Amino acid sequence: MDIQDVKTIGVVGCGLMGAGIVETSAKAGFNVVVREINDELLQKGMARLRGSMEKAVSKGKLAAEDKQAALDRISATTDMEAFSACQLVVEAAIENLDLKKQIFADLDRICPPETILSSNTSSLNITSMAAATQRPDKVFGLHFFNPVPVMPLLEIVRALLTSEETMVLGRALGEKLGKTVVVAKDRPGFIANLLFVPYALDAIRWYDAGLATKEDIDTTMKLGFNHPMGPLTLCDFVGLDTLLFIADAMYDEFKDDRYAAPPLLRRMVMAGLMGRKSGRGFYDYGK
């Protein structure tokens, strides 16, 4: 399949990442089918998507007529069977491998044999998802970054049996979506999280050990290494629950202490301190 053959993209899930993928795909000229498990979550995701596009219009980054044209290309549904019209589907459900494997098995049954299937997972095993289908050569990872409409990077993850044709299409898709593409093998964390997670966990360990204040740790990395934000601020932005999930998945795979979550991180998540999304993490965002 060539990129010109991709007219309709399916997105499984309309949460934070799913809505961003829908928005980005629709603005790039694709028809998009987005599915959620119930109407409440679907409407919440669509409201998030519209809000994001309205914000882009107010900032002069998107013309009002282009926003409406993109919205007109989106079809929202709770019916999995709607993916039968798609040439490519991106799974953006919660990070649960068993759930993802079931979704891939369902997509394999519903979609035509030539449809490409992909996952937006940030750390889970793509090869395992591909094994739930009869088309492992047409399965790969498309890891977008939050917020999807703004972040320029797209990690393409090549599973064990992903074909070269599928990889070529993935690169072409990334270009059409306006993303810079990098390619990784199917290893937990891929490129970005494989490097970020040990850095973030070390910052938490040394903060907990009393090395310095959180402000001084963040300022050191911002001004000393020209990073846009310090590690503890970035942890809050990513979500401490998300960081913990990725760290645990990587530790399970590698059994390497670099990926072992510090007790402070685990306790903060238990206490509901998730970072920006909950209003408080290492910093307080309620003020």
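Small disclaimer: the values here were computed from a predicted structure and weren't measured. (Residues numbered from 1 in each chain as written. Predicted model: local features only at pLDDT ≥ 70, side-chain atom pairs only at ≥ 80, totals over all residues. Heavy atoms only, no water.)

### A closer look at the overall build of the protein chain
Secondary structure summary: the protein chain contains 11 helices and eight strands in total. A globule of 287 residues ought to have a C-alpha radius of gyration of about 19 Å, and the protein chain, at 19 Å, matches this closely. A principal-axis box enclosing the C-alpha atoms of the protein chain has dimensions of 55 × 45 × 35 Å. When the accessible surface of the protein chain is summed, it comes to about 13800 Å², and 54% of that surface belongs to carbon and sulfur atoms. A distance of 3 Å separates the average location of the 33 positive side-chain charges in the protein chain from that of its 37 negative side-chain charges. (Helix = DSSP H or I, 4+ residues; strand = E, 2+ residues; numbered from the N terminus. Rg over C-alpha atoms; globule rule 2.2 N^0.38 Å. Areas by Shrake-Rupley, 256 points an atom, 1.4 Å probe, with all protein chains shown as cover. Lys, Arg positive; Asp, Glu negative; His and termini not counted. Charge placed at Lys NZ, Arg CZ, Asp CG, Glu CD.)

### Observations concerning helix H7 (residues 192-208)
Look at H7: 24 Å from first C-alpha to last across 17 residues, which is about the 24 Å you get at 1.5 Å a residue. Within H7, the full set of buried residues consists of Asn193, Phe196, Val197, Pro198, Ala200, Leu201, Ala203 and Ile204. Count one or two residues on from H7 and you reach Gly210, which has phi positive near 90 degrees. (Expected span 1.5 Å × (residues − 1). Buried < 20%, exposed > 50% of the residue type's maximum accessible area, 1.4 Å probe, protein only.)

### Some points on unusual backbone geometry
Peptide bonds are, in most cases, trans, and in most cases residues other than glycine have a negative phi. Of note, the amide linkage connecting Asn146 to Pro147 takes the cis form, showing an omega dihedral of -5 degrees. Looking at the element boundaries, Pro147 is found in the loop between strand S6 (139-144) and strand S7 (153-158). For Phe190, which is not glycine, the phi dihedral falls at a positive 55 degrees. Relative to the elements of secondary structure, Phe190 occurs in the loop between strand S8 (180-185) and H7.

### So, the pairing of strand S1 (residues 8-12)
On any regular strand, side chains alternate: one points to one face of the sheet, the next to the other face. Burial analysis of S1 places five of its five residues in the buried class, which makes it a mostly covered element. Burial along S1 is two-sided: the face carrying Thr8, Gly10 and Val12 and the face carrying Ile9 and Val11 are both buried. Two elements, S1 and strand S2 (residues 31-35), share five bridges in a ladder whose sense is parallel. Residue pairing for S2: Thr8 is matched across the bridge by Asn31. Traced from S1 through helix H1 (residues 16-27) to S2, the parallel crossover comes out right-handed. Looking at chain direction, S1 and strand S4 (residues 88-91) are connected through four bridges and run parallel. (Pairing = 2+ DSSP bridges. Right-handed = clockwise from strand over helix to strand, strands pointing away.)

### Looking at the layout of surface pockets
The computed volume of the second largest pocket comes to approximately 220 Å³. Together, Leu97, Ser123, Leu124, Asn125, Thr127, Asp186, Arg187, Pro188, Ala249, Asp252 and Glu253 line the second largest pocket. For the lining of the second largest pocket, the residue count by class is four nonpolar, three polar and four charged. (1 Å grid on protein atoms, 1.4 Å probe; cavity = no way out; pocket = protein on both sides within 12 Å on 5 of 7 lines; lining within 4 Å. Points joined across faces, edges and corners; volume = space filled by probe spheres on them. Nonpolar A, V, L, I, M, F, W, Y, C, P; charged D, E, K, R; others polar.)

### Describing the environment of Val238
Its place among the elements puts Val238 in helix H9 (residues 231-238). Relative accessible area serves as the criterion here: at 30%, Val238 is assigned to the partly exposed category. Through-space distance from the C-alpha of Val238 to that of Gly189 is 14 Å; in sequence the pair is 49 residues apart.

### Describing helix H10 (residues 240-254)
Helix length check: H10 (15 residues) gives 21 Å between terminal C-alpha atoms against 21 Å at 1.5 Å per residue, within 8%. Residues of H10 that are buried include every one of Leu240, Leu243, Leu244, Ile246, Ala247, Ala249 and Met250, and no others. On its buried face, H10 is in contact with H7, H9 and helix H11 (263-270). Downstream of H10 by one or two residues, Lys255 has phi in the positive range, about 55 degrees. (Contact = heavy atoms within 4.5 Å.)

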